[in-house]
Amino acid sequence: MSNKMWGGRFGEGPDKIMEEINASIGFDQRLFAQDIGGSKAHCAMLAKAGIITQADAAEITQGLEKILGEIESGKFTFSRALEDIHMNVESRLADLIGPTAGRLHTGRSRNDQVALDFKLYVRDVLDHFDEQLAAFQAALLARAEEHAATIMPGFTHLQSAQPVTFGHHCLAYVEMAGRDRSRFSDARKRLNECPLGAAALAGTSFPIDREMTAKALGFDGPTRNSLDSVSDRDFVLEALAAAAITATHLSRLAEEIVIWSTPHFNFVRLTDSFSTGSSIMPQKRNPDAAELVRAKTGRVVGALTTLLIVMKGLPLAYSKDMQEDKEAAFDALDALSLSIAAMTGMVSSLSVNEAAMRAAASRGFSTATDLADWLVQKLNMPFRQAHHVTGTLVAMAEKKGVDLDALSLEDMQSVEAGITKDIFTVLGVDNSVRSRTSFGGTAPDNVLASVSWWKARLGKNT
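Parameters at a glance
In this convention, every chain numbers its residues from 1, walking through the sequence in written order. Side-chain atom pairs in this predicted model are given and counted only at pLDDT of 80 or more, local residue features only at pLDDT of at least 70, and totals for whole chains, interfaces and linings cover all residues. The side-chain figures draw on all heavy atoms in the structure; neither hydrogens nor water molecules are used. Each helix is a run of H or I in the DSSP string that is no shorter than four residues. Each strand is a run of E no shorter than two, and both are numbered from the N terminus. Note on method: radius of gyration uses C-alpha positions; expected globular size equals 2.2 Å times residues raised to 0.38. Any residue under 20% of the maximum accessible area for its type is buried, any over 50% is exposed, and the rest in between are partly exposed; the area is computed with a 1.4 Å probe on protein chains only. The contact definition used throughout considers only heavy atoms, calling two residues in contact when any of these lie within 4.5 Å. Per-residue and other accessible areas follow the Shrake-Rupley method at a 1.4 Å probe size, with only the shown protein chains counted as cover for residues. A residue counts toward a patch only above 30% relative accessible area and without a salt bridge, and it is joined to like-charged neighbours within 9 Å or, for Val, Leu, Ile, Met, Phe, Trp and Tyr, to nonpolar neighbours within 5 Å. Every case where a carboxyl oxygen of Asp or Glu lies within 4 Å of a side-chain nitrogen of Lys or Arg is listed as a salt bridge. Positive charges are assigned to Lys and Arg, negative charges to Asp and Glu, while His and the chain termini are left out of the count. Each charge is placed at NZ for Lys, CZ for Arg, CG for Asp and CD for Glu. Note on terminology: a nonpolar core comprises buried Ala, Val, Leu, Ile, Met, Phe, Trp, Tyr and Cys residues joined through side-chain atoms within 4.5 Å. A pair of Phe, Tyr and Trp rings is counted when the ring centres sit within 6.5 Å of each other, with Trp represented by its six-membered ring. The angle between the planes then sorts it: under 30 degrees is stacked, over 60 is edge-to-face, the rest tilted. Two thresholds decide whether a charge sits over a ring: the Lys NZ or Arg CZ must be within 6 Å of the ring centre and within 35 degrees of the ring normal. What counts as an axis is a line fitted to C-alpha atoms, over the stretch in contact for a helix, and the angles between N-to-C directions run from 0 to 180 degrees. Angles are sorted into four bins: roughly parallel if under 35 degrees, roughly antiparallel if over 145, roughly perpendicular if 65 to 115, and oblique for all others. Each crossing gets its hand from how the near helix is turned against the far one by less than a right angle, where anticlockwise is left-handed and clockwise is right-handed. Polar here means any residue other than Ala, Val, Leu, Ile, Met, Phe, Trp, Tyr, Cys and Pro, which are nonpolar, and Asp, Glu, Lys and Arg, which are charged; Gly is therefore polar. At least two bridges found by DSSP between two strands is the condition for calling them paired. By this rule the span expected of a helix is its residue count minus one, scaled by 1.5 Å.

Scanning the protein from N- to C-terminus turns up 18 helices and six strands. Taken over the C-alpha trace, the protein has a radius of gyration of 30 Å; the compact-globule value for 462 residues is 23 Å, which it surpasses by more than 25%. Projecting the C-alpha coordinates of the protein onto the three principal axes gives extents of approximately 100 × 55 × 40 Å. Within the protein, buried positions represent 48% of all 462 residues. Look at the contacts in the protein between residues 6 or more apart in sequence, and 73% of them connect residues 24 or more apart. Approximately 22,200 Å² of the protein is accessible, and the part contributed by carbon and sulfur atoms is 53%.

A cluster of acidic residues, E193, D220, D228 and D234, forms a negative patch on the protein surface. With respect to the helices and strands, D234 occurs in helix α10 (residues 234-260).

The next subject is unusual backbone geometry. L316 connects to A317 through a cis peptide bond whose omega is 5 degrees. A positive phi angle, close to 60 degrees, is found at A199, a residue other than glycine. Position of A199 relative to the elements: it lies in the loop between β3 (193-194) and α8 (210-216).

Further remarks concern the pattern of salt bridges. Applying the stated criterion to the full structure yields 21 salt bridges. A salt bridge links E146 to R143, with the nearest nitrogen and oxygen atoms 3.0 Å apart. Of this pair, E146 and R143 both sit in helix α6 (residues 110-146), three residues apart, which is roughly one turn of the helix. One salt bridge connects K400 with D411, and the closest N-O pair in it is separated by 3.9 Å. Here K400, found in helix α15 (residues 383-400), pairs with D411, found in helix α16 (residues 409-415); they are eleven residues apart in sequence, far enough to count as distant. Taking the relative accessible area as the measure of exposure, K400 reaches 47% and is therefore partly exposed. Taken together, the shared-partner salt bridges in this structure form one network comprising E83, D84, R110 and K320.

This paragraph deals with the nonpolar core. Judged by nonpolar contacts, the single largest core of 99 residues is most densely connected at F136, L240, L336 and M343. The dominant element in this core, judged by the number of residues it contributes, is α10, at 16 residues. Not counting residues up to four positions away in its chain, the partners in contact with L240 are V300, A303, L304, L307, A329, A332 and L333. A372, L375, M381 and A397 belong to the second largest nonpolar core, which has 18 residues in total.

Tallied over the entire structure, the rule returns nine aromatic pairs. By the ring-pair criterion, three or more aromatic residues cluster together here, those being F118, Y121, F235 and F330. Above the plane of the ring of F330 lies R30, whose end atom (NZ or CZ) is 4.5 Å from the centre. Looking at R123, its charged tip hangs above the ring of F219, at a distance of 4.7 Å from the centre.

So, on to the environment of H388. Turning to its location among the elements, H388 is positioned in helix α15. Take H388: its relative accessible area is 57%, and that puts it in the exposed class. On a C-alpha basis, the gap between H388 and A372 in space is 8.6 Å, while along the polypeptide they are 16 residues apart.

Relative to the helices and strands, S231 resides in helix α9 (residues 226-231). We classify S231 as buried; its relative accessible area is 9%. Leave out the neighbours within four places in its chain, and S231 touches M311, L316, A317, Y318 and M322.

Taken together, the side chains of L201, L227 and L316 define a hydrophobic patch exposed on the protein surface, amounting to about 270 Å² of accessible area. Within the secondary structure, L201 sits in the loop between β3 and α8. By relative accessible area, which is 38% here, L201 ends up partly exposed.

On to the packing of α6 against α10. Running from amino to carboxyl end, α6 crosses α10 at an angle of 25 degrees, the nearest separation of the two axes being 11 Å. With respect to α10, the element α6 is oriented roughly parallel. The two elements α6 and α10 cross, and the hand of that crossing is left-handed. Residues A115, F118, K119, V122, L126, L133, F136 and L140 of α6 lie in contact with α10, whose contacting residues are F235, V236, A239, T246, L250 and L253. A breakdown of the residues in the contact of α6 with α10 according to their chemical character gives twelve nonpolar, one polar and one charged.

So, on to the pairing of strand β2 (residues 159-165). Pairing of strand β1 (residues 151-156) with β2 involves five bridges; the strand directions are antiparallel. Across the sheet, M152 pairs through a bridge with V164, a residue of β2. Two successive antiparallel strands, β1 and β2, enclose a turn made up of two residues, where H157 displays a positive phi of approximately 60 degrees.

This part is about α10. End to end, α10 covers 39 Å across 27 residues, agreeing with the expected 39 Å (1.5 Å per residue, within 8%). Burial runs high along α10: 20 of the 27 residues are buried.

Right, let's talk about the environment of F155 for a bit. Assignment of secondary structure puts F155 in strand β1. Accessibility expressed as a relative area gives 27% for F155, which makes it partly exposed. In sequence terms F155 and S366 are 211 residues apart; their C-alpha atoms lie 9.5 Å from each other. Discounting chain neighbours no more than four positions away, the residues touching F155 are S160, A161, F265 and F267.

Structure follows, in structure tokens:
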């Protein structure tokens, strides 16, 4: 019996192993809406160009709409023997309307069809990510405004560095998410060219109107080279690259939440909604949601690596290797969407232990730089000399078991005679934070101004 997909060239059907390795319907069935939408646009164009009759177009469109309803309602039966979503839809269309269904594939190939479907899908996902990241930013902004003056230690090398505010810390992730949205937006602009009509690789001799289908499907226009149209997966690579960076940002915040929620830090407490317990240790509150966000980053980065390796050795134009572009990408994009949602929920609901944050910021000589800056500004001391003087005072305070602001004026003058009681106006975490008024600094007024700027920007972009 000949293969009904491949026609008279093949006299027998595929081996079971060949069917197993060749079929993609197990994962590409999620492209059903994009596939049917693309087919309807193609059908309308064929009719307007006089390539098929209006009567045939109406019958095909009605059949496609019925199939869409069947899939959405869960009544459609997908067949592995039909390989992919395209042939499953086409086969069902033939069941519904007979030989007229065969006219739909005029002037196109599965090569440009799958490129179209995947572009439409990725475009929808990028729009979804933009909405999700805007909500994530809004959650962070709410916490930043609430905690514009909440003092916490700022870290370098995970060692106490200088005091900052929790609001300022939250705003750092708002900035990251803003860049993430920008990357997704750039990727969307570049992908928004329609490959439909490139056919297998060389275009078609039928008088199709590619501008019409591009417009109908919301593209800026058709792709300009048929070879590139069917072999291009840059749009997936760009989406995955942006997704990998976004996931990395989320993972960094997840790692901080894991650290902050330990009893040793006790900076934040996750709600029960985003925590789990232990099967043996009743006291445990595990930040599993944050840990899973951290772990899922590996899946996103892995999908990018997978597709880069798939594509790196492919000559033009289409090769079956490119069927491997979807499964990992679907998994990665799903994982990122779930991660953004989880992080938004955690940020919105976690409680902040202001007292623990403040106490930690007051330890570790975090105002040492303020002391050095005072020596430069008030005593006209070169910074390197001021750094040395301050280091000596830190060593003295450490030996006495006190912080810098607990040293007496006499102690300080024993190291540098020019120090006056005015030094105590810059020591202490409150003074330190308030003094950081440079643009982008952690001063509470700066934080509130940045919150206002971002709220206005979100209002325009959402």
